[in-house]
Amino acid sequence: MARTVIVTIGTRGDVVPYTALGAALAAAGDQVAVATHPHLRRHVDEAGLGFFPLPDLDTGRPLTSSRLAKMLAA
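Just so it is clear, the structure is predicted and the values come from calculations on it, not from any experiment. (Residues numbered from 1 in each chain as written. Predicted model: local features only at pLDDT ≥ 70, side-chain atom pairs only at ≥ 80, totals over all residues. Heavy atoms only, no water.)

Student: Give me the lowdown on the environment of F52, citing residues and values where you can.
Tutor: By the element assignment, F52 lies in strand β3 (residues 50-53). Among the residues examined, F52 registers a relative accessible area of 46% and is labelled partly exposed. Separated by 14 residues in the primary sequence, F52 and P38 place their C-alpha atoms 8.2 Å from one another. Those residues in contact with F52 that sit more than four places away from it in its chain are V5, A33, V34, A35 and T36. (Helix = DSSP H or I, 4+ residues; strand = E, 2+ residues; numbered from the N terminus. Buried < 20%, exposed > 50% of the residue type's maximum accessible area, 1.4 Å probe, protein only. Contact = heavy atoms within 4.5 Å.)

Student: Before we move on, can you summarise the pairing of strand β2 (residues 31-36) with the specific residues and values?
Tutor: A large share of β2 lies buried, amounting to five of its six residues. Bridge count between strand β1 (residues 3-7) and β2: five bridges; the pairing is parallel. Residue R3 lies in a different strand from β2, and its bridge partner there is Q31. Read as a crossover between parallel neighbours, the route from β1 over helix α1 (residues 12-27) to β2 is right-handed. Inspection of the sheet shows β2 paired to β3 by four bridges, in the parallel sense. Within the sheet, the bridge partner assigned to A35 lies in β3 and is F52. Of the crossover connections in this fold, the one passing from β2 over helix α2 (residues 41-46) to the parallel β3 is right-handed. (Pairing = 2+ DSSP bridges. Right-handed = clockwise from strand over helix to strand, strands pointing away.)

Worth remembering: the numbers are spatial, not functional.
This is the structure in structure tokens:
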């Protein structure tokens, strides 16, 4: 059994495919958790996976990949 943490950021459309991946891994016997935005927890819970919250940075807006890239470039 492997332990896997999937870290994903973005919108629902960015995150939900990773919950499907996590569910498939869990069905194969792995222990899986997803680290993402708190407002997307429902999708992680519905997939039967563990959840770790990522902070909403700055003005409370979710951290998107483009915002992350701008932060790293600065």
